[in-house]
Amino acid sequence: MKSEVLTKVGLNSLQNGIILNLRELINYKNLEPGDKLPSERMLAEKFGVSRSNVRDAIQTLELYGILETVPQSGTFIANIGIIAMNGMIDEIVGLEEQDFKSLVETRILLELKTVKLASLRRTEEDLKNIKFALDAYEEKAKLGEDAVQEDLLFHLAIAKASGNSTINTFMLTITPGIIMNFEKYHVCDKRKSIIGINEHMEIYEAIKSQNPTEAKEKMKKHFSMLYQYCYQTS
């Protein structure tokens, strides 16, 4: 099989190129569910990329259930038909980079549900983690320093307290994009950061008292300015 030449330098383009090469390999060799792929080293040599690049592409396909990696054994084709696999890969490589508006909308929808679950399921250990992040945010905000990462740490602690591992993982996935855009657009000025202290405290108290309705309302209030900012800059 003649592998596709990867000429684009962007990380997404490179990964997409490797994913397309993997699909071509699977189709060319008529691999079926349960069949094993060549090693990362062999694939890297074949495609002319690094092993870490191959690993990233494989992990992406694992995320979508196309491949399965078994420790000490290798990577295998998952239980998925060839037509479905080809269609899914077309969709994967066609995904656009997440924009700030999409990230904000997703985060708001997700966290309004997350905070309700957290208020019902939180443990004492969860409360300690949320309070630790709240205090770290307050300390930086009062000093007039950038507290974006501490703010997101607070929200990640709430996601963990929800007791839903999928929500927690998804929050971890979208967090880097949110941090990047917050810093790019300077969303959080000192005044907004100070207001955020009280809003965080109100959310924490609602979770502590296990009041899901109050927790959701306080989270909506907390996101109001962010939501407005998103649509003003879109």
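The rules we used
Residues numbered from 1 in each chain as written. Predicted model: local features only at pLDDT ≥ 70, side-chain atom pairs only at ≥ 80, totals over all residues. Heavy atoms only, no water. Helix = DSSP H or I, 4+ residues; strand = E, 2+ residues; numbered from the N terminus. Areas by Shrake-Rupley, 256 points an atom, 1.4 Å probe, with all protein chains shown as cover. Pairing = 2+ DSSP bridges. Axes fitted to C-alpha atoms, helices over the stretch in contact; angles between N-to-C directions. Parallel < 35°, antiparallel > 145°, perpendicular 65-115°, else oblique. Contact = heavy atoms within 4.5 Å. Nonpolar A, V, L, I, M, F, W, Y, C, P; charged D, E, K, R; others polar. 1 Å grid on protein atoms, 1.4 Å probe; cavity = no way out; pocket = protein on both sides within 12 Å on 5 of 7 lines; lining within 4 Å. Points joined across faces, edges and corners; volume = space filled by probe spheres on them. Salt bridge = Lys/Arg side-chain N within 4 Å of Asp/Glu carboxyl O. Buried < 20%, exposed > 50% of the residue type's maximum accessible area, 1.4 Å probe, protein only.

The name given to the protein in an unreviewed UniProt entry is FadR family transcriptional regulator, with Neotamlana sargassicola as the source organism.

Caption draft 1: Spotlight on the overall build of the protein. For the protein, the count of helices and strands is 10 helices and 2 strands. Ordered by position from N to C terminus, the α and β elements of the protein give α-α-α-β-β-α-α-α-α-α-α-α. With an accessible surface of roughly 13200 Å², the protein has 52% of that area assigned to carbon and sulfur atoms.

Caption draft 2: Representation of the pairing of strand β2 (residues 74-77) within the structure. Where strand β1 (residues 67-70) and β2 come together, 4 bridges link them in antiparallel fashion. Following the sheet pairing, Leu67 is matched in β2 by Ile77. Taking the residues that link successive antiparallel strands as the turn, the β1-β2 hairpin has 3 residues, and the phi of Gln72 there is positive, at about 70 degrees.

Caption draft 3: Here's a closer look at the packing of helix α2 (residues 40-47) against helix α3 (residues 51-63). Contact geometry for α2 and α3: axes closest at 8 Å, N-to-C directions at 105 degrees. When the interaxial angle is binned, α2 and α3 end up roughly perpendicular. In this structure, α2 uses Glu40, Arg41, Leu43 and Ala44 to contact α3, whose residues at the interface are Arg51, Val54, Arg55 and Ile58. Considered class by class, the residues forming the contact of α2 with α3 number 4 nonpolar, no polar and 4 charged.

Caption draft 4: Geometry of the layout of surface pockets. As a volume, the second largest pocket reaches approximately 190 Å³. Considering the residues around the second largest pocket, the lining is formed by 13 residues, among which Glu40, Ile58, Thr69, Gly74 and Thr75 are closest to the centre. Elements represented by at least two residues in the lining of the second largest pocket include exactly α2, α3 and β2. Tallying contributions element by element places α3 first for the lining of the second largest pocket, with 4 residues.

Caption draft 5: View of the pattern of salt bridges. The final tally for this structure, using the stated rule, is 12 salt bridges. The closest approach of N and O atoms between Glu202 and Lys218, which form a salt bridge, is 3.8 Å. Here the residue Glu202 occupies a position in helix α9 (residues 190-208), and Lys218 occupies one in helix α10 (residues 212-232), the gap between them amounting to 16 residues. Given the relative accessible area of 28%, Glu202 is considered partly exposed. Residue Lys218 pairs with Glu214 through a salt bridge whose shortest N-O separation is 3.7 Å. Of this pair, Lys218 and Glu214 are both found in helix α10, 4 residues apart, which corresponds to roughly one turn of the helix. Residues joined by salt bridges that share partners form a network here, namely Glu202, Glu214, Lys218 and Lys221.

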